[in-house]
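The residues making up each chain are set out below.
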Amino acid sequence: KYQEAIEFYIKGQDLMQTPKTNEDRRILGHIFNNKAICHYELQQYDQALDDYRKSLDLKYQIQANNDIIANTTNNIASVYSSQGEHQKSLEWHQK
């Protein structure tokens, strides 16, 4: 099911290639975040990190609240922890 979800998220990305408004960026940020969750569950950690970073970048662009940004940085930390990179995980938890 995760792979199927990734395919749908990719279609969503394709529809929003160039976000024009903050609302577009917010939606695209959710798409990247959700796709990252799927990659994480499939243990595709590099792809998960890439999508979480894209999501985080979009959240910074729209000046999302700290809770939303913290959620994404904690997700990134979890990926690093799953990869056994505990120092990087700690660094991301402290951001």
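Calculation rules
Residues numbered from 1 in each chain as written. Predicted model: local features only at pLDDT ≥ 70, side-chain atom pairs only at ≥ 80, totals over all residues. Heavy atoms only, no water. Salt bridge = Lys/Arg side-chain N within 4 Å of Asp/Glu carboxyl O. Helix = DSSP H or I, 4+ residues; strand = E, 2+ residues; numbered from the N terminus. Buried < 20%, exposed > 50% of the residue type's maximum accessible area, 1.4 Å probe, protein only. Axes fitted to C-alpha atoms, helices over the stretch in contact; angles between N-to-C directions. Parallel < 35°, antiparallel > 145°, perpendicular 65-115°, else oblique. Left-handed = near helix turned anticlockwise from the far one by under 90°. Contact = heavy atoms within 4.5 Å. Nonpolar A, V, L, I, M, F, W, Y, C, P; charged D, E, K, R; others polar. Core = buried A, V, L, I, M, F, W, Y, C linked by side-chain atoms within 4.5 Å. pLDDT = per-residue confidence, 0-100. Phe/Tyr/Trp six-rings, centres within 6.5 Å; stacked < 30°, edge-to-face > 60°.

**Digging into the pattern of salt bridges**
Opposite charge on two side chains permits pairing when their charged atoms draw close. Evaluated as defined, the whole model comprises 4 salt bridges. Residue Lys54 is joined to Asp50 by a salt bridge in which the shortest nitrogen-to-oxygen separation is 3.1 Å. Of this pair, Lys54 and Asp50 both sit in helix α3 (residues 45-61), 4 residues apart, which is roughly one turn of the helix. When its relative accessible area of 37% is taken as the criterion, Asp50 is described as partly exposed.

**Points about the packing of helix α2 (residues 22-41) against α3**
The description of two helices packed together rests on the angle between their axes and the distance between the axes. It is the contact of α2 with α3, at a shortest axis distance of 8 Å, that shows an interaxial angle of 160°. Taken together, α2 and α3 sit at an angle that is classed as roughly antiparallel. At the point where α2 passes α3, the crossing takes the left-handed sense. Packed against α2, whose contacting residues are Asn22, Arg25, Leu28, Gly29, Phe32, Asn33, Lys35, Ala36, Ile37, His39 and Tyr40, the element α3 presents Tyr45, Gln47, Ala48, Asp51, Tyr52, Lys54, Ser55, Leu58, Lys59 and Gln61 at the interface. Across the contact of α2 with α3, the residue classes break down as 9 nonpolar, 7 polar and 5 charged.

**A few points about the environment of Ile68**
Within the fold, Ile68 resides in helix α4 (residues 66-82). Exposure remark for Ile68: the relative accessible area of 38% places this residue in the partly exposed category. Each C-alpha atom of the pair Ile68 and Leu56 lies 9.1 Å from the other, and the pair is 12 residues apart in sequence.

**A look at the nonpolar core**
In globular proteins that are soluble, nonpolar side chains generally tend to be buried together. Membership of the largest hydrophobic core comes to 14 residues, with the highest contact counts inside it found for Leu49, Tyr52, Leu56, Ile76, Val79, Tyr80 and Trp92. Secondary structure elements with two or more residues in this core: α3 and α4. Setting aside chain neighbours within four positions, we find Tyr52 in contact with Asn33, Ala36, Ile37, Thr72, Asn75, Ile76 and Val79.

**Notes on the confidence of the model for the protein**
Parts of the prediction with low pLDDT should not have their coordinates interpreted in detail. Model confidence for the protein is summarised by a mean pLDDT of 95, while 100% of its residues fall at 70 or above. Averaged pLDDT values for the elements of the protein fall to 92 in helix α5 (residues 86-93) and rise to 97 in α3.

**Looking at the side chain of Asp51**
Summarising the element assignment, Asp51 is placed in helix α3. Those residues in contact with Asp51, other than ones at most four positions away along the chain, are Phe32, Lys35, Ala36 and His39.

**Section: the packing of aromatic side chains**
For the structure shown, the criterion picks out 1 aromatic pair. Aromatic pair Tyr40 and Tyr45: ring centres 5.7 Å apart, planes at 55°, arrangement tilted. Among the residues examined, Tyr40 registers a relative accessible area of 25% and is labelled partly exposed. Looking at Tyr45, the relative accessible area reads 18%, which means it is buried.

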